[in-house]
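Spelled out from the first residue to the last, the chains are:
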Amino acid sequence: MGSDNPDWELEEGLPQVEDPFIQQYLKGRDALIAEEQKRRHDATYRVSLSPIAARACKIVSQIRAREQKEVWSTGLDAATAHQVDEILYPGVMFHHAKGRMEKTNLWKIVERMPKGSLLHAHMDAMFDIDFLIDQAFSTPGIHMLAPKPLLSQKDYEVAPVFFQFSSQPAAEGEKKASIWTEGYESSSLIPIKTAAASFPNGGETGFREWLQSRCMLMPEHSYNHYHGVDAIWAIFTTTFPVINSILMYEPIFRACFRRMLGQLTADGVRYVEFRIAFVFRWRKEGSDQPEDGYEEWCRVVEEEVEHFKGTEEGKTFYEARIIWTTLRRFPNKEIVDSMKHCIATKHAFPDLICGFDLVGQEDLGRPLKDLVPVLFWFRKRCAEEEVDIPFFFHAGECLGDGDETDHNLFDAILLGTRRIGHGFSLYKHPLLIDLIKEKKIMVECCPISNEILRLASSIKSHPLPALLSRGVPVSLCNDDPAILGHGKNGLTHDFWQALQGLQNVDLAGLAMMVQNSIRWSCYEDQSTAEWKHEIGEGILGEGLKAARLREWHTEFEKFCEWVVLEFAEFDEDD
């Protein structure tokens, strides 16, 4: 606040900033802002910051302010009123920001930050797509098939296509008509290298690019927000069958899973709860026939996690657990069959299975209200079988206001969900906000996913700030990073977006969300009473969560020391 022409202002009788009544107004304004800050999610934590952490927070905010001006401020040239080649601003769309963000100091800081737990991540949408394709080419016996020949551009974009291990000799497949010609026999197996070499648009190089496009949402898919949510979901859902047909062969899965665990740990993640829809077909190494059930898949997951924890790379990794999911669009019988499978698998792998959820587009799937009878049946059967499989429901991943999908939030809370996946429309419900705080329910927020799937145009229009300002407990999650085009596995992209795009979220705000991720982690099976008690006790408790909060606090203090030393030139106190 300043005067550009003080003499003129005095002549006109304009009040000056230093006038007592203006100063009184400004003091009242500051007091009102401070009073609102007390209601934010991180208010208590902020008061308890150590001197070194408080200093690190100031430095990070200084770096953000400088980068917002120097890196993210191009747009309209004020002098000429002409548009420059690239419009940039703090909070620009993810795909526009991605290449530039990864070269900033803010990225360097966030990447190094200890990130606690990843609680909302769909496993089959997390594997590095380029690495997955490399594995398909280097693993013996991988073949390609399709229900019909792939002839037109539309076929290339949307026609069903699958990959499968087969022990048939490669020469036998090479004799068959190309999958790219009219003569192709429906669902006949063609060796992947043969199919790639005969790809009409560039041979193997073009084939790899095409296959990548069938496994990911490309940037251009996410830009067209006017197409709406249903249009992007229609593309999104076609990626999973292609990915799973490659991924769910034992040698490929093992290699990809090891790589993913390494990437997550390198990014500062120490615990993961994976969601995966148990609708895939799993093949053991060398087997032409898929397994009947998922026991072998669960065994492989447990083996790989234990092996990883025993390596130098994985020595800080705590554990990975699975939230069993099935598709919300299924009829009751298929959902109940999946629930029976879930209970049986929980008996066989009690430390692996930690919860239950329903996935798929909420707007086009069955609302939770319609599923209440089968959900009550599941809860009753779990009690009879003496297993504890709590609910972790997706709810409110929508733009609606008062429709059936939006009302999934009410049912999720009434059905006892321990966390809410996405909760995008929650900010419209003041009563529900009070309820989830009272019932100690946390929101798993996935800002980049919400942007790319056309719920928000950028982090600037995301409801995350509305939840944080009301004191709602939130953790940041990455949802489907490989399909959504993150290019890296971990939480750094989502953390960076929130920090760089939201002025009220600083390093302390991120730290509070990390602590939430630890407090709401399902490290071990607990009754509802035990669960709420440990969440309430926080770092002062005596259980496993409290111990891991203390470990994280020690890591965070060391991280803050690194920030202060590494970026001392930004320290205004020096």
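Reading guide: rules and limits
Residues numbered from 1 in each chain as written. Predicted model: local features only at pLDDT ≥ 70, side-chain atom pairs only at ≥ 80, totals over all residues. Heavy atoms only, no water. Buried < 20%, exposed > 50% of the residue type's maximum accessible area, 1.4 Å probe, protein only. Helix = DSSP H or I, 4+ residues; strand = E, 2+ residues; numbered from the N terminus. Contact = heavy atoms within 4.5 Å. Polar contact = N/O pair within 3.5 Å; in protein donor to acceptor, adjacent residues only side chain to side chain. Pairing = 2+ DSSP bridges. Axes fitted to C-alpha atoms, helices over the stretch in contact; angles between N-to-C directions. Nonpolar A, V, L, I, M, F, W, Y, C, P; charged D, E, K, R; others polar. UniProt positions renumbered as here; feature names shortened; annotations may be inferred. Phe/Tyr/Trp six-rings, centres within 6.5 Å; stacked < 30°, edge-to-face > 60°. Core = buried A, V, L, I, M, F, W, Y, C linked by side-chain atoms within 4.5 Å. Parallel < 35°, antiparallel > 145°, perpendicular 65-115°, else oblique. Left-handed = near helix turned anticlockwise from the far one by under 90°. Right-handed = clockwise from strand over helix to strand, strands pointing away. pLDDT = per-residue confidence, 0-100. Salt bridge = Lys/Arg side-chain N within 4 Å of Asp/Glu carboxyl O. Disulfide = S-S within 2.5 Å.

Participant: Would you mind going over helix H7 (residues 129–138) in detail, with residue names and values included?
Facilitator: Counting buried residues in H7 gives seven out of ten residues, a clear majority hidden from the surface. Along H7, the residues that are buried comprise Ile 129, Phe 131, Leu 132, Ile 133, Gln 135, Ala 136 and Phe 137. On its buried side, H7 packs onto strand E4 (142–145), helix H10 (192–197), helix H11 (203–215), helix H13 (229–247), helix H14 (250–266) and helix H22 (481–484). Between the side-chain oxygen of the N-cap and the backbone nitrogen of Asp 130 there are 3.1 Å, and the N-cap of H7 in question is Asp 128.

Participant: Account for the sheet that holds strand E11 (residues 419–422), with residues named and values stated.
Facilitator: Within a sheet, neighbouring strands are paired by backbone hydrogen bonds and run either parallel or antiparallel to one another. One open sheet accounts for four strands, arranged E10-E11-E12-E13; its pairing is parallel. The sheet is open, and its two edges are formed by strand E10 (393–395) and strand E13 (474–476), each paired on a single side. Across the sheet, the axes of successive neighbouring strands diverge by a mean angle of 30°, strand direction being ignored. Relative to E13, strand E12 (residues 442–445) is paired through three bridges, and the arrangement is parallel.

Participant: Can you lay out the packing of helix H4 (residues 51–70) against helix H6 (residues 105–112) for me, pointing to particular residues and giving the numbers?
Facilitator: Packing of H4 against H6 leaves a shortest axis separation of 9 Å and a crossing angle of 145°. The segment H4 lies against H6, with Val 60, Ile 63, Arg 64 and Glu 67 engaging Asn 105, Leu 106 and Ile 109. In terms of residue class, the contact of H4 with H6 is made up of four nonpolar, one polar and two charged.

Participant: I'd like a rundown of the pairing of strand E9 (residues 353–359), residues and numbers included.
Facilitator: Buried residues dominate E9, accounting for seven of its seven residues. In terms of strand pairing, strand E8 (residues 319–327) meets E9 through six bridges, oriented parallel. Within E9, the position partnered with Ile 323 by the bridge is Gly 355.

Participant: Kindly report on the UniProt feature "domain: Adenosine deaminase" (unreviewed entry) in the protein, identifying the contributing residues and their values.
Facilitator: The UniProt record marks residues 233–530 with the feature "domain: Adenosine deaminase" (unreviewed entry), using the residue numbering of this structure. For residues 233–530, helix accounts for 47% and strand for 13%, while the C-alpha atoms at its two ends are 38 Å apart.

Participant: Explain the sheet that holds strand E6 (residues 190–191) to me, using residue names and the numbers behind them.
Facilitator: One open sheet accounts for three strands, arranged E5-E4-E6; its pairing is antiparallel. A strand with exactly one partner marks an edge of an open sheet, and here the two such strands are strand E5 (162–165) and E6. In this sheet, E5 lies alongside E4 in antiparallel orientation, the contact comprising four bridges. Bridging across to E5, Met 144 finds its partner in Phe 163.

Participant: Which residues make up the side chain of Glu 444, and what values go with them?
Facilitator: For Glu 444, the position within the fold is in strand E12. Judged by relative accessible area, Glu 444 falls into the buried class, the value being 0%. A distance of 2.5 Å separates polar atoms of two side chains, one belonging to Glu 444 and the other to Arg 419. Residue contacts for Glu 444: discarding those within four places in its chain leaves Leu 119, His 120, Arg 275, Arg 419, Ile 420, Gly 421, His 422, Ser 475 and Cys 477.

Participant: A description of the packing of aromatic side chains should follow, citing residues and the corresponding values.
Facilitator: One pair of aromatic rings is described through two measures. These are the centre distance and the angle between the planes. Tallied over the entire structure, the rule returns 38 aromatic pairs. Residues Phe 207 and Trp 210 carry aromatic rings whose centres are separated by 5.4 Å and whose planes lie at 50° to one another, so their mutual orientation is tilted. With a gap of three residues between them, Phe 207 and Trp 210 both fall in helix H11, about one helical turn apart. Grouping residues by exposure puts Phe 207 and Trp 210 together as buried. Between the aromatic rings of Tyr 294 and Trp 324, the centroid separation amounts to 6.2 Å while the plane-to-plane angle is 85°, which identifies the pairing as edge-to-face.

Participant: Would you mind going over the nonpolar core in detail, with residue names and values included?
Facilitator: Membership of the largest hydrophobic core comes to 186 residues, with the highest contact counts inside it found for Phe 207, Phe 253, Phe 274 and Trp 297. In terms of residues, this core owes the most to one element, H13, which gives nine residues. Apart from the residues lying within four places of it in its own chain, the contact partners of Phe 207 are Phe 137, Met 144, Phe 163, Trp 180, Ile 192, Ala 195, Ala 196 and Phe 199.

Participant: Can you tell me about the environment of Ser 166, naming the residues and giving the values?
Facilitator: Within the fold, Ser 166 resides in the loop between E5 and helix H9 (170–174). Classification of Ser 166 as buried rests on a relative accessible area of 8%. Separated by 23 residues in sequence, Ser 166 and His 143 place their C-alpha atoms 6.7 Å apart. The residues contacting Ser 166, other than those within four sequence positions of it, are Gly 141, His 143, Leu 189 and Asp 288. From its side chain, Ser 166 meets the backbone nitrogen of Gln 168 in a polar contact 3.2 Å long.

Participant: Lay out the packing of H7 against H14 with the relevant residues and their values.
Facilitator: The N-to-C vectors of H7 and H14 enclose an angle of 150°; their axes lie 10 Å apart at closest approach. Comparing the axis directions of H7 and H14 gives the class roughly antiparallel. Of the two elements, H7 crosses H14, and the hand of that crossing is right-handed. Contacts between H7 and H14 pair Phe 131, Leu 132, Gln 135 and Ala 136 from the former with Ile 252, Ala 255, Cys 256 and Arg 259 from the latter. Classifying every residue of the contact of H7 with H14 by side-chain character gives six nonpolar, one polar and one charged.

Participant: Tell me about the pairing of E8, and please be specific about residues and values.
Facilitator: Counting buried positions along E8 gives eight out of nine residues, so the element sits mostly inside the fold. Pairing analysis gives seven bridges linking strand E7 (residues 269–277) to E8, with the strands arranged parallel. By the bridge assignment for E8, Tyr 271 is matched with Glu 319. Between the parallel pair E8 and E9, the chain is carried across by helix H16 (residues 332–348), and the sense of this crossover is right-handed.

Participant: Can you tell me about the confidence of the model for the protein, naming the residues and giving the values?
Facilitator: Residues at a pLDDT of 70 or more form 97% of the protein, whose mean pLDDT is 94. Every residue in residues 77–81 is under pLDDT 50, and counting partners more than four places away or in other chains gives two contacts.

Participant: Let's hear about the pattern of salt bridges: which residues, and what values?
Facilitator: What the rule picks out here adds up to 35 salt bridges. Among the charged side chains, a salt-bridge network with shared partners connects Glu 250, Arg 254, Arg 258, Glu 296, Arg 299, Glu 303 and Glu 304.

Participant: Pulling in residues and values, what's your account of the environment of Glu 182?
Facilitator: You can see Glu 182 is positioned in the loop between H9 and E6. C-alpha of Glu 182 to C-alpha of Leu 151: the two residues are 31 residues apart in sequence and 7.4 Å apart in space. If sequence neighbours within four positions are ignored, Glu 182 has contacts with Pro 149 and Leu 151.

Participant: How would you summarise the state of the cysteines if you had to cite specific residues and measurements?
Facilitator: Going through the model one piece at a time under the given rule, you end up with zero disulfides. The cysteine Cys 354 is free of any disulfide, with Cys 522 supplying the nearest cysteine sulfur at 4.5 Å. Left without a disulfide partner, Cys 560 is nearest to the cysteine sulfur of Cys 57, which lies 6.1 Å away. According to the relative accessible area criterion, Cys 560 is buried, its value standing at 0%.

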